[in-house]
Amino acid sequence: MPNKPQDEIRTTVLMAGRVHVPAEDVQAFISEARATSYPLAAANPGNVMISFSVEDAATGTVTVLEQWASQEALDRHVATPEITALLTKWGPRIRNEVRRFAAVVTDPDA
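Just so it is clear, the structure is predicted and the values come from calculations on it, not from any experiment.

**Focus: the pairing of strand E2 (residues 47-56)**
When E2 meets strand E3 (residues 61-68), the two strands line up antiparallel, connected through eight bridges. When the bridges of E3 are listed, Asp56 appears paired with Thr61. Connecting E2 to the antiparallel partner E3 that follows it, the hairpin turn spans four residues, and Gly60 within it adopts a positive phi of roughly 75°.

Okay, structure coming up:
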C-alpha cells in the first residue's frame, strides 16, 4: 500500500454477487427490492450506492452491488423493519450468492 496521509485512507464495505430467484418471480422480486431498498439506502448517510439489476430474466438471476461507508451503516440498513420484512419474505425463495467485502480506499479521486 502506498504511503498516504491517514485522512486519504478509508475503509468501505462492498456487497456484491448474485441472487437467484424463481424465473416467474424475478420481476416481482426486483420491483420489491428496489422499492424497499433504494429509498432506505438513500436516507442512510452511510450508503454510497446500491443497485439491483436483472442479469438474466430466464434464469431469475439478479446482480446486486452495494457500497457502504462502514459496516455500521450497512447494519443500520439491514436492521430496518422494511429490509427485515423483505429478507424474511424472499429469503426462503432465493439462493443468495452475495458476499461482503471490506476494501481500503487509498485514492478517493481514482
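**Points about the packing of helix H2 (residues 71-79) against helix H3 (residues 81-90)**
Their axes nearest at 5 Å, the elements H2 and H3 cross at an angle of 70°. Taken as axis vectors, H2 and H3 run roughly perpendicular relative to one another. Across from His77, Val78 and Ala79 in H2, the residues of H3 making contact are Pro81, Ile83, Thr84 and Leu87. Taken together, the residues of the contact of H2 with H3 break down into five nonpolar, two polar and no charged.

**Examining the pattern of salt bridges**
This structure, assessed with the given rule, holds four salt bridges. Its salt-bridge partner being Arg18, residue Glu55 comes within 2.7 Å of it at the nearest N-O pair. Of this pair, Glu55 sits in strand E2 while Arg18 sits in strand E1 (residues 10-20), placing them 37 residues apart in sequence. A relative accessible area of 41% places Glu55 in the partly exposed class. Residue classification places Arg18 among the partly exposed positions, given a relative accessible area of 37%. The partner of Glu32 in a salt bridge is Lys89, with the nearest N and O atoms 2.9 Å apart. Of this pair, Glu32 sits in helix H1 (residues 26-43) while Lys89 sits in helix H3; the two residues are 57 residues apart in sequence, bridging distant segments of the chain.

**Quick notes on the confidence of the model for the chain**
Across the chain, the average pLDDT comes to 90, with 88% of residues at or above 70. By mean pLDDT, strand E5 (residues 99-105) is the weakest element of the chain at 90, and E3 is the strongest at 97. Segment residues 1-6: pLDDT under 50, and six contacts once partners within four positions in sequence are set aside and those in other chains are kept.

Definitions and cut-offs
- Residues numbered from 1 in each chain as written.
- Predicted model: local features only at pLDDT ≥ 70, side-chain atom pairs only at ≥ 80, totals over all residues.
- Heavy atoms only, no water.
- Pairing = 2+ DSSP bridges.
- Helix = DSSP H or I, 4+ residues; strand = E, 2+ residues; numbered from the N terminus.
- Axes fitted to C-alpha atoms, helices over the stretch in contact; angles between N-to-C directions.
- Parallel < 35°, antiparallel > 145°, perpendicular 65-115°, else oblique.
- Contact = heavy atoms within 4.5 Å.
- Nonpolar A, V, L, I, M, F, W, Y, C, P; charged D, E, K, R; others polar.
- Salt bridge = Lys/Arg side-chain N within 4 Å of Asp/Glu carboxyl O.
- Buried < 20%, exposed > 50% of the residue type's maximum accessible area, 1.4 Å probe, protein only.
- pLDDT = per-residue confidence, 0-100.

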